[in-house]
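Architecture and fold: a report
Listed here are the chains, written in short residue letters.
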Amino acid sequence: MTTHDHCCGNSQGKNEFNLWRELRAVAIATPLLLIGLIFQDSLDQTPFGIAEYAILIPAYLLCGWGVLTTAGRNILRGRIFDENFLMTIATIGAIAIHELPEAVGVMLFYQLGELVQGSAVGRSRRSIRALLEVRPDTANLLVNGEIKTVSPDQVAVGEIIRVRPGEKVPLDGEIIEGSSQLDTSALTGESVPRTVVTGDLVLAGMINQSGGLTIRVTKPFDESSIARILDLVENARSKKADTEKFITRFARYYTPVVVFLSLAIALLPPLLISGASASTWTYRALVLLVISCPCGLVISIPLGYFGGIGGAAKRGILIKGSTFLDALTQVKTVVFDKTGTLTQGNFRVTDIITHNGLSQEQLLELAAHVESGSNHPVAKSIRQAHGKPIDSSKVENYQEIAGHGILAQIDGKVVIAGNDRLLHREGISHHVCVADGTVAHLAVDGKYSGRILIADELKEDAINAIQALQQQQIKTVMLTGDSQTIANTIARTLGIDDFQAELLPEDKVNALEKILTAVNQTNHKTAFVGDGINDAPVIARADVGIAMGGLGSDAAIETADVVIMTDAPSKVAEAIAIARRTLGIVWQNIIIALAVKVVFIALGTMGVATLWEAVFADMGVALLAILNASRVLQIRDN
C-alpha cells in the first residue's frame, strides 16, 4: 500500500473524485438500507430470505463495488493486505453469518466518508492547482505585422509577442514597447501590482492588468521561470517526510497482523473455550477487521503535508517536498547573506574622497572605466553615478580578483579598484577608512588615489524578519564580504545575534560548515538564506537552503530546498511557522487515530462493540483526521 492511494472507497483507480457519482450511490443505497432495517423480520421470513437479499445486496454492491474491485485488482497484483481487503472480508463475512444490514451499513458509511474525504482532498489540491493555473495556454506571436495565436512552447527566443490587458504573460521576456501594471500574486503571493515599463523583464504567469505590452522573448517556455516552478510543485510530493515513510512501513506490517489476529479470534476461542459460539467469535473478528482499517492515517498524513505545501505555495513560498517541511521544523539557526537578502542590493555612490591631486570627477571616471567589465552591484552603482559613455578601448588587461576587486590598464596606467584587502595584497599604503557603507579604494601605478563610498539600503521588512525568527526561538547569523564596521552597523540595526564579516566567497562555505557542526551537535538544523545566484554553493551545503527572489533566478529554483518568490526576508519565518503548524497537525492525527484504534479494538475483542460501532469508530477517526489535516490550508496573514 502506498500513501498516495485513496483509502477505502470508490475513488480508488479513478483520476478525479466525482462528487455526484458518489452521492448518487449513497442516495439510492440509503433508502434500501432503511427498508431492510425496518422490515427485516418480515423480509427474513420469505423463502430463503430472498426478499432481504434482493433489497440489501444491490445496496451493498452500489456502495461497495469500488472497494470490492480494488481489493480484487490488488490481490492479482500481489498486494493482498490493504484496507480494501480488510473491508471486503469483513463485509462478506457479515453476509455469510446473515448480518446483511450491517454489511451494507459498513459500505454505506464508508461511502459517506468517501464524500467528505474527496471534498477535503479536493480543497488541498485546489491550493496547488491555483498555482498550476498560471500556466499560459496561448501566446500572441507577431509575424510580419500580424498577430498569430500559438502555443507558448512554439515561440522561439528573440521572437516578438503581444500581451493585451487581462491576458497572462506567456513567456519570460523584455518589454520593448508599452507600460502596465502586472498582477504577480499567483507567483509571489503579493497582492500589490507591479509597475513595468519599456526595458523591464517580465515573467510567464504574470497577468497584464492595464496597458498593452510588446515583449521580446528571452527564454523558451521549457526554461522559463514558470515552467521550472510548475515542475517543482508537481514533483514536490515525491520527496516524502520521515513521518510519511513511517506510516507506509507501519501499514505494510500492521494490516497482515490485524488479519491473522482476526483469524485467531474467529477460530481459537470456539476450539479452546467450552461453550464458545463460533458465530459470536466470527462476528467479533469481523468487528476487529473493520475497526483496524488504517484509513485515517493513510490519507490524513500525506494530506496534511500536501496541504502544508499548498498553503505555502499560496503565500509565494515553494517547498520542494514534505521532507523539507519536516527539516524546517528543526531549524534553530538561520544564516543570512547580506547583500540582496537583508539589504536592497541597490547601491548608490554617497561620497568621493580623492588623493594625489585627482578631482572627484576624474576619480569617478577612472573607477567607471576600471569597473566597466564587472556585474557586481558596486561596479554598476559607480557606472551609474558616472553617467557617461565609457570608452572600452582605453581598458586593457582586465583582471577580476575574486573577493578583492579589479585590476586593469587604463590609458597604459595600472589601475586597481577594490576593497582594503586588495590594497594590502598589492602593498599600497593608505589611510584606515571607517565608514557606514561599502568602500571602493582606487590606486594608480601603485599609489593610492582615493576612495568612493557606496551605501546599500535595508529591505523594508528586514527588521521584522529578524524579530519574527527570534520570537520563534531561532538564532540569526549574518555572513558578508563587507567590512567589520559595515557588518556591525547592520547587525546592530537589525538586532542580529551574530555576524561574520570580510568573508571571501569560499570563506562563506567554511563559516557555514563551522555553524553546521555546532548546531548539528544539538540535533537541530541550520538554514541558509541567500539570493540564489551568487550563494548557490552555500545554499546547497546548508541543512535547508532557502533562496529569496526566486522569480527569474534559475539558480534559486535548481539549488534551494525552499524558494521564496519575493524579496521579503520575513517569508523565512513564515515558512518555518507553516512547517511547524503542519507537523503539529500531522502528529495530532497520528496520536488520535492510534488511541481510538486501541480502545475500540479492545472493545470489539471483548464483544462490547458491534459492526455499527466499528464503522462509526473507523470513519469517525478518518474524517476527524482529514478535517484536521485540512486546517493546514487555513493560514492567516500575520
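Computed from a predicted structure; not experimentally measured.

Analysis parameters
- Each chain carries its own residue numbering, running from 1 in the direction its sequence is written.
- Predicted model: local features are reported for residues with pLDDT of at least 70 only, side-chain atom pairs are reported and counted for 80 or more only, and whole-chain, interface and lining totals are derived from all residues.
- To get the side-chain values, all heavy atoms of the structure are used, and hydrogens and water are removed first.
- The pLDDT score gives, residue by residue, the confidence of the prediction method on a 0 to 100 scale.
- The criterion used for residue contact is that any of the two residues' heavy atoms lie within 4.5 Å.
- Pairing between strands requires that DSSP locate at least two bridges from one strand to the other.
- Strands are runs of DSSP state E lasting at least 2 residues, helices are runs of H or I lasting at least 4, and numbering of each runs from the N terminus.
- Accessibility here uses a 1.4 Å probe with only protein chains present; expressed as a share of the type maximum, an area under 20% marks a residue as buried, one over 50% as exposed, and anything in between as partly exposed.
- To be clear, the arc concerns the directions from the helix axis to the C-beta atoms.
- Exposure above 30% relative accessible area and the lack of any salt bridge qualify a residue for a patch; like charges then connect within 9 Å, and the nonpolar side chains Val, Leu, Ile, Met, Phe, Trp and Tyr within 5 Å.
- Here the Shrake-Rupley method, with its probe set to 1.4 Å, supplies the accessible areas, and only the displayed protein chains count as covering residues.
- Every case where a carboxyl oxygen of Asp or Glu lies within 4 Å of a side-chain nitrogen of Lys or Arg is listed as a salt bridge.
- Counted charges follow a simple rule, with Lys and Arg positive, Asp and Glu negative, and His plus the chain ends left uncounted.
- Taken as the charge centre is NZ of Lys, CZ of Arg, CG of Asp or CD of Glu, depending on the residue.
- UniProt positions are given in the numbering used here, feature names are shortened, and annotations may be inferred rather than shown by experiment.

Details of the confidence of the model for the protein
Model confidence for the protein is summarised by a mean pLDDT of 80, while 83% of its residues fall at 70 or above. Here residues 1-16 is a poorly scored stretch, pLDDT under 50, and it has 60 contacts once near neighbours within four places are set aside; other chains count.

Notes on the sheet that holds strand 7 (residues 201-202)
With antiparallel pairing, the six strands of this open sheet are ordered in space as 2-1-3-9-4-7. The sheet terminates laterally at strand 2 (146-150) and strand 7, the two strands that pair on one side only. Examined bridge by bridge, strand 3 (residues 160-163) and strand 9 (residues 213-217) share four bridges and lie antiparallel to one another. Of the residues in strand 9, the one forming a bridge with Val163 is Leu213.

Things to note about helix 15 (residues 462-471)
Residues of helix 15 that are buried: Ala462, Ala465, Ile466 and Leu469. Across the axial projection of helix 15, the buried residues extend over an arc of 95°, all falling on one side. Taken together, the buried residues of helix 15 touch strand 11 (331-337), strand 18 (475-479), helix 16 (484-494) and helix 20 (570-605).

A few points about the environment of Asn520
Within the secondary structure layout, Asn520 lies in helix 17 (residues 505-520). Between the C-alpha atom of Asn520 and that of Lys332, which follows or precedes it by 188 residues, the distance is 9.8 Å. Contact partners of Asn520, with chain neighbours within four places excluded, come to Lys525 and Asp543.

Concerning a negative patch on the surface
Among the surface-exposed residues, Glu365, Asp391, Glu396 and Asp411 lie close enough to one another that they form a single negatively charged patch. For Asp391, the location among the structural elements is in the loop between helix 13 (377-386) and strand 13 (395-401). In this structure Asp391 comes out as partly exposed when scored by relative accessible area, which is 35%.

Here we look at the pairing of strand 5 (residues 180-183)
Here three bridges tie strand 5 to strand 6 (residues 194-196), and the two strands are oriented antiparallel to one another. If you follow Ser180 over to strand 6, its bridge partner there is Val196.

Some thoughts on unusual backbone geometry
A negative phi angle is the norm for most residues apart from glycine, just as the trans form is the norm for most peptide bonds. Even without being glycine, Asn356 reaches a positive phi, approximately 60°. Classification of Asn356 as exposed rests on a relative accessible area of 58%.

Some remarks on the UniProt feature "transmembrane region" (unreviewed entry) in the protein
UniProt tags residues 23-40, 46-68, 253-273, 285-306 and 590-609 as "transmembrane region" (unreviewed entry). The distance separating the terminal C-alpha atoms of residues 23-40 is 25 Å; by composition the span is 94% helix and 0% strand. Taken end to end, residues 253-273 comprises 95% helix and 0% strand; its first and last C-alpha atoms sit 29 Å apart.

Comments concerning the pattern of salt bridges
All told, the structure shown has nine salt bridges when counted by the stated rule. Between Glu167 and Arg164 there is a salt bridge, with its nearest N and O atoms 3.0 Å apart. Classification of Glu167 by relative accessible area gives partly exposed; the value is 24%. On the accessibility criterion, Arg164 (42% relative accessible area) is partly exposed. Measuring nitrogen to oxygen at the nearest pair gives 2.5 Å for the salt bridge that ties Glu574 to Arg315. Of the two residues, Glu574 is situated in helix 20 and Arg315 in the loop between helix 10 (295-314) and strand 10 (317-319); the sequence distance between them amounts to 259 residues. Assessed through its relative accessible area of 10%, Glu574 is described here as buried. Classification of Arg315 by relative accessible area gives buried; the value is 13%.

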